[in-house]
Structures are given as structure tokens and as C-alpha cells.
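# Breakdown of the fold
Residues per chain are reported as follows:
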Amino acid sequence: MPGGRLTQQERQQIALGVADGLAYAEIARRLDRPTSTVTREVMRNGGPAGYRADQAHRATEHRARRRRPAEPRGARPAVLPHGRDPEAVAEYEEQFTAVMMQSGLSNKMTARVMVCLLTADSGSMTAAELVRRLQVSPASISKSIAFLESQALVRRERDEGRRERYVIDENLWYQSMVASVRSLNQQVDIARQGAGVLGPGTPAAVRLENVARFLDFVAESLARAAEQARDVLHVAAQTPPGEVGGQDRPETV
């Protein structure tokens, strides 16, 4: 598998693949590159909707010419807990961030904060810890946390020192699904309201009523699935670390 930086020709092939709607894995296979390389390249240079080969190549050359400052002390421990490989963890977090951005967290900083909290053994960090870890301003952390809170993805609590901590709840995905159901129900209500305003039986009203019926069905199904999955989550939480269904699993990052 070739290494080194992507060439301009490879970037043009990536741009063509993205435009054709190909999966990153397929583009990577055609280039004989790791999928993570293609994912990182696209997400770092405008995302699927904004990726341009020439712009990406110029941006990469500009970054390469800049003198890269030494990493500040405290940004990442030299030795990570549980014998984790720092380079492997960093690569994983970068890939995880790209996936989170594709799934809806379009703001990269918000995705980085989310990944940082998810991969912390404690599942929580203070604003100061996030600032040191990600080497960004307190304002960036505050803005990202505000968005994550609005999506029910994190919550705040105070520790013994009265410091405010941002916590990834054990019911994170359940709470997120519940928030999605609420949003869908609001869309159902507004669509049905519009059907009444525009006049029953008119093309626009029929369209909105069909949208409402569809979203109503999805919301009901999602709510039911979330409740069932919540039970599974609680069972999994009681399973000893490294074991699922009585079988050992390799420790993850």
C-alpha cells in the first residue's frame, strides 16, 4: 500500500469519486490507499459537498510550507493509560471525528469535543481539560458544548471541587433518539397544520398530509425501537468489561 502525501492526480480521482457518490472505501480501493486517508482528505477540505481537488492540493501545500509549532505540553500525555498506542489513538480519533461529521455534526470542533468525551475513560471532562486536550479557545469549547446540550448529547454536573464537568451520559444514544422523536413530532404537527391552512384536498395539502403520515410512522417506530434498545443498553452495561454474552472481546481504545 503506497504511503506519502496524496498527489494532485489522486485528489482529482477522489473528487470524481465523491461527485459520482462513491463510498470512501471504494474510492480508496481504486487508489490503493487506506479508507481513512480518503475520509480525512475529504473532511479536511470542504466535506462531500465542497471538496475540490485543486483547492485541496493548494491547501495541503500551504500547510506543508508553514512551520509547524511544537505540540504544547499537556496536549496529550506521552504515555496513555491501559498501554494504548498514542499514534493509534490519535488516528482513531481523527477517523471518529470524520464519521461524526458525516452523521450530522457538521462543525468539526463540535465533533472533536464529542469524540474527546466519548473516548475519555471517565466519560467527562472540564472546560479547562478540553481546552488543554484540543488546544483551542474556551469560547470554542463553550459553543460546542452548547450545541451538544441542545441535542441532549451531553449534560453538565459539578464535581467535589465545584468545577463544572461535561458528561457523556450512559443513556446518551437513547436520549438523542428521544430528542429526534420530539423533533419529528413537531414536524408532523406543522405539516398537518399546513394541510389545514392550504385547504383539504389541494395538491399542496395532500403533499403535506402524506409527509405528516410518513414522519408520524417513523417517529412512532423510532420511539418504540429506542425503548427496546434501552433495555439492551442496560443489560450490556451490567456485563463485565471485555465480555459480551459470556465471550471475551479484545479491549478497544
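Structure: above.
Quick summary incoming for the structure in this document. Predicted model, so just to flag it, every value in this text is computed and none were measured.

### A word on the nonpolar core
Core analysis: the biggest nonpolar cluster contains 37 residues, and Ile14, Val38, Val113, Leu117, Leu130, Ile141 and Ile145 have the highest contact counts within it. Filtering out sequence-adjacent residues up to four positions away, Ile141 remains in contact with Val113, Ala127, Leu130, Val131, Leu134, Val136 and Tyr166.

### Some thoughts on the sheet that holds strand S1 (residues 124–126)
One open sheet holds the three strands; their spatial order is S1-S3-S2, and the pairing between them is antiparallel. Two strands lie at the open edges of the sheet, namely S1 and strand S2 (155–158), each paired on one side alone. Taking the axes of each pair of neighbouring strands and ignoring which way they run, one obtains an average angle of 35° across the sheet. Along the sheet, helix H8 (residues 127–134) contacts S1 and strand S3 (164–167); its crossing angle with S1, the most-contacted strand, is approximately 90°.

### Some details on the packing of helix H1 (residues 8–19) against helix H3 (residues 35–44)
Helix-helix packing is described using two parameters, namely the angle between the two axes and the distance between the axes. Where H1 contacts H3, the two axes come as close as 11 Å, and the packing angle between them is 80°. Judged on the interaxial angle alone, H3 and H1 are roughly perpendicular. Counted together, Arg11, Ile14 and Val18 of H1 and Val38, Glu41 and Val42 of H3 form the full contact between these two elements. Its residues assigned to classes, the contact of H1 with H3 shows four nonpolar, no polar and two charged.

### Topic: helix H7 (residues 108–119)
Taking 1.5 Å of rise per residue, 12 residues should cover 16 Å, and H7 covers 16 Å from first to last C-alpha, within 8% of that figure. Within H7, nine of the 12 residues are buried, which leaves the element mostly enclosed by the surrounding structure. Regarding H7, the residues found buried are Met109, Thr110, Ala111, Val113, Met114, Val115, Cys116, Leu117 and Thr119. Of the surrounding elements, those touching the buried residues of H7 are helix H6 (86–102), S1, H8, helix H9 (138–150), S3 and helix H10 (172–198).

Basis of the calculations
Residues numbered from 1 in each chain as written. Predicted model: local features only at pLDDT ≥ 70, side-chain atom pairs only at ≥ 80, totals over all residues. Heavy atoms only, no water. Core = buried A, V, L, I, M, F, W, Y, C linked by side-chain atoms within 4.5 Å. Buried < 20%, exposed > 50% of the residue type's maximum accessible area, 1.4 Å probe, protein only. Contact = heavy atoms within 4.5 Å. Pairing = 2+ DSSP bridges. Helix = DSSP H or I, 4+ residues; strand = E, 2+ residues; numbered from the N terminus. Axes fitted to C-alpha atoms, helices over the stretch in contact; angles between N-to-C directions. Parallel < 35°, antiparallel > 145°, perpendicular 65-115°, else oblique. Nonpolar A, V, L, I, M, F, W, Y, C, P; charged D, E, K, R; others polar. Expected span 1.5 Å × (residues − 1).

These figures come from the coordinates and say nothing about function on their own.
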